[in-house]
Amino acid sequence: MNKVVSGAKEAISDIKNGMTLMLGGFGLCGLPEKTILALAASGITDLTCISNNAGVDDFGIGLLLRNRQVKKMISSYVGENAEFERQLLSGELEVELIPQGTLATRCMAAGYGIPAIFTPAGIGTEVAEGKEIRNFNGKDYLMEMAFDADFAIVKAWKGDSMGNLVYRSTARNFNPVMAMAGKVTIAEVEELVEPGELDPDHIHTPGIYVHRIFKGEGYEKRIEQRTVRKR
Amino acid sequence: MLDKEGIAKRIAKEVKDGYYVNLGIGIPTLVANYIPENIDVVLQSENGLLGMGPFPFEGEEDPDTINAGKQTITKLPGSAVFDSALSFGMIRAKKVNLTILGAMEVSENGDIANWKIPGKMVKGMGGAMDLVASAENIIVAMQHVNKAGESKLLPNCTLPLTGVNCVKKIVTELAVLDVLPDGGFKLLERAPGVTVEDIEKATAGKLIVEGEVPEMVI
């Protein structure tokens, strides 16, 4: 069960034009930055990207947008990106905005083998248009389908060669639920260790969900909103 | 009339001992600065943290530790980290006792609009639709009128909705109001120096005034 690949380039070698990718991270936190760099260098186009945000102009998914590699974004919040705004307003880019909890839970459902979920988020709003509504115990819920993604690309803090993953702090965010949801899941990690080095009680994503793993070198870990207080 | 800090101070009085609280971006974030020290409150950040602490000291920022506004923050002793699905799971399951968020418009039946202005760049709803659809106790912190001087407390929202029948209380620079279950903004308190007439003028929706309306104590 050795899932180690040489790096991002090998990990993405069978991603094709027009595929649907999930990308972990919240803003730039917990972003699979090495795999995104490889995608940006790959020339793969017409991608549908499911990710909470769309990166900034010169980092994260913003790099793929700048190269016009993205056909459609499925996100909950897409501020902080001028190129994104330009492509959206000019009609080059299709965008589907969905509530953040719905986004996370549609990933979770895919990883749990559940075809759809019911959530109250979006009831009475334009998000509900065209969707099935069911009433349970006097309250309306929207039916939202599990995601179907060709690849999930996540970033973890530590992983072992069997694909078991551990995340660090709020860089966890969407990564565990997306890791569960891809037909093929690629994990990039800061530290790659041998089986047995991670405590089984502390593993967040069991290796069964992960198909390829590699160690990324020199993480940039940009901060989007550096906010501090005085001593 | 209250400034933003004043609105935050007044809302902080609604935070009770033992509460788990989700604070939105803007004025709601300021509420954390005014929660009394003698009560026990845990802040939830929907990107996956319970036990959010203050901003870090300069030089101690951790790129892996941010809040839902993507600001660097700290974790207090006893905090817990979790994934985004679990985060909205605890919100949907009503484990979070109080949600405080901003709004562009609130209607007299508790509808809220705070994510989209037609014709302008839409950034997205983030977690707001999930929060307002599930939370039982929602307080809106906002200005009473918009920059054009038009009331933001309306009979019906004109902007695309974030959620329906969900807002319970509103705190503005002028007043504290309850949104009644049968509709209408019930005036509870006036801001210092503000008259009932001032509030009537600034409120387009149905305003309910009963007896003497006290001036708020902050």
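(A) Quick look at the packing of aromatic side chains. Residue and element names in this part refer to chain A. Enumeration over the complete set of coordinates arrives at two aromatic pairs over all chains. Relative to phenylalanine 136, the ring of phenylalanine 118 lies with its centre 5.1 Å away and its plane at 75°, an arrangement referred to as edge-to-face. Of the two residues, phenylalanine 118 sits in strand 5 (residues 116-119) while phenylalanine 136 sits in strand 6 (residues 133-136), which places them 18 residues apart along the sequence. On the basis of relative accessible area, phenylalanine 118 is assigned to the partly exposed category, the value being 31%.

(B) View of helix 2 (residues 33-42) of chain A. Residue and element names in this part refer to chain A. What helix 2 keeps buried is the set Glu33, Lys34, Thr35, Ile36, Ala38 and Leu39. Its buried side turned inward, helix 2 meets helix 1 (8-11), strand 1 (20-23), helix 3 (61-66), strand 8 (149-160), strand 10 (182-193) and strand 11 (212-215). Looking one or two residues past helix 2, glycine 43 carries a phi angle of roughly 80°, positive in sign.

(C) Inspection of the nonpolar core at higher detail. Within the largest apolar cluster, 48 residues are counted, with the highest numbers of intra-cluster contacts made by Val31, Ile100, Val140 and Ile170 of chain B. Setting aside chain neighbours within four positions, we find valine 140 of chain B in contact with Leu101, Gly102, Ala103, Val106, Ile112, Val167, Lys169, Ile170 and Val171 of chain B. Judged by nonpolar contacts, the second largest core, of 41 residues, contains Leu47, Val70 and Val78 of chain A together with Met125 of chain B.

(D) Quick look at the pattern of salt bridges. Taken as a whole and judged by the stated rule, the model has 26 salt bridges over all chains. For glutamate 33 of chain A, the salt bridge identified is with lysine 34 of chain A, shortest N-O distance 3.6 Å. This pair shows no difference in class: glutamate 33 of chain A is buried, exactly as lysine 34 of chain A is. A salt bridge links glutamate 92 of chain A to arginine 68 of chain A; its shortest N-O distance comes to 3.4 Å. Highlighted residues: glutamate 92 of chain A in the loop between helix 4 (82-90) and strand 4 (94-97) and arginine 68 of chain A in the loop between helix 3 and strand 3 (70-75), separated in sequence by 24 residues. Among the ionic contacts, a cluster of salt bridges with common partners joins Lys155, Arg168, Glu190 and Lys221 of chain A together with Asp62 and Asp64 of chain B.

(E) Representation of the interface of chain A and chain B in the model. Facing 51 residues of chain A, the contacting portion of chain B comprises 49 residues. On inspection of chain A and its partner chain B, the count reaches six salt bridges. Aspartate 64 of chain B is paired through a salt bridge with lysine 221 of chain A; the nearest N and O atoms lie 2.7 Å apart. Taken together, the connections running from chain A to chain B amount to 30 residue pairs in polar contact (both at pLDDT 80 or more).

(F) Quick look at the sheet that holds strand 3 (residues 49-52) of chain B. Residue and element names in this part refer to chain B. Spatially, 4-3-2-1-5-8-10-11-12-13 is the arrangement adopted by the 10 strands of the open sheet, whose pairing is mixed. Looking at strand neighbours, the two that pair on one side only are strand 4 (75-81) and strand 13 (207-208), the edges of this open sheet. When strand 2 (residues 42-45) meets strand 3, the two strands line up antiparallel, connected through two bridges. Within strand 3, the position partnered with serine 45 by the bridge is leucine 49.

So, how was this worked out
Residues numbered from 1 in each chain as written. Chains lettered and ligands numbered in written order. Predicted model: local features only at pLDDT ≥ 70, side-chain atom pairs only at ≥ 80, totals over all residues. Heavy atoms only, no water. Phe/Tyr/Trp six-rings, centres within 6.5 Å; stacked < 30°, edge-to-face > 60°. Helix = DSSP H or I, 4+ residues; strand = E, 2+ residues; numbered from the N terminus. Buried < 20%, exposed > 50% of the residue type's maximum accessible area, 1.4 Å probe, protein only. Contact = heavy atoms within 4.5 Å. Core = buried A, V, L, I, M, F, W, Y, C linked by side-chain atoms within 4.5 Å. Salt bridge = Lys/Arg side-chain N within 4 Å of Asp/Glu carboxyl O. Polar contact = N/O pair within 3.5 Å; in protein donor to acceptor, adjacent residues only side chain to side chain. Pairing = 2+ DSSP bridges.

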